[in-house]
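Single-letter residue listing:
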Amino acid sequence: HPVCSAPPPGLPAMRSPPGLCLQTTTGSETASIGSTLHGTGICKPCAWFWKPQGCLNGSECQHCHLCPPGEAKARRKAKESYLKEVRASA
């Protein structure tokens, strides 16, 4: 599987699954450095990207710009729920 474009500085080249580019563009905005792990389940969603002022770090952001709006909050809630369940069963 080909690499869709050069990886960000300091990151090794990653092979992408067929039909998925690890580095993509969203409109005129380039995906962030943190977006390279999108789709693996270990990316960290950018809480600022979908806000009206947007992410000030742009393509240099260490968080994922490809996650949908509300993903950071959804993951936080899921983690809190899981931890609550673990504490209750202990």
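Everything numeric in this text was worked out from a predicted model, so none of it was measured.

Q: How do you make sense of the side chain of Ser32 when you look at a structure like this?
A: The topology assignment puts Ser32 in the loop between β2 (29-30) and α1 (71-89). Residue classification places Ser32 among the buried residues on the basis of a relative accessible area of 1%. Looking at Ser32, its side chain comes within polar contact range of the main-chain oxygen of His63, at 2.5 Å. There is a polar contact of 3.4 Å between the side chain of Ser32 and the backbone nitrogen of His65. Among all residues touching Ser32, those that are not within four sequence positions of it are Gly58, Ser59, Cys61, His63, Cys64 and His65.

Q: Would you mind showing me how to read the pattern of salt bridges here?
A: Close approach of charged atoms allows side chains with opposite charge to pair. Under the counting rule described, the total for this entry stands at 1 salt bridge. Among the ionic pairs, Glu71 bridges to Arg75, the shortest N-O distance being 2.9 Å. Placement of the pair is Glu71 and Arg75 together in helix α1, with a separation of 4 residues, close to one helical turn. On the basis of relative accessible area, Glu71 is assigned to the partly exposed category, the value being 22%.

The rules behind the values
- Residues numbered from 1 in each chain as written.
- Predicted model: local features only at pLDDT ≥ 70, side-chain atom pairs only at ≥ 80, totals over all residues.
- Heavy atoms only, no water.
- Helix = DSSP H or I, 4+ residues; strand = E, 2+ residues; numbered from the N terminus.
- Buried < 20%, exposed > 50% of the residue type's maximum accessible area, 1.4 Å probe, protein only.
- Polar contact = N/O pair within 3.5 Å; in protein donor to acceptor, adjacent residues only side chain to side chain.
- Contact = heavy atoms within 4.5 Å.
- Salt bridge = Lys/Arg side-chain N within 4 Å of Asp/Glu carboxyl O.

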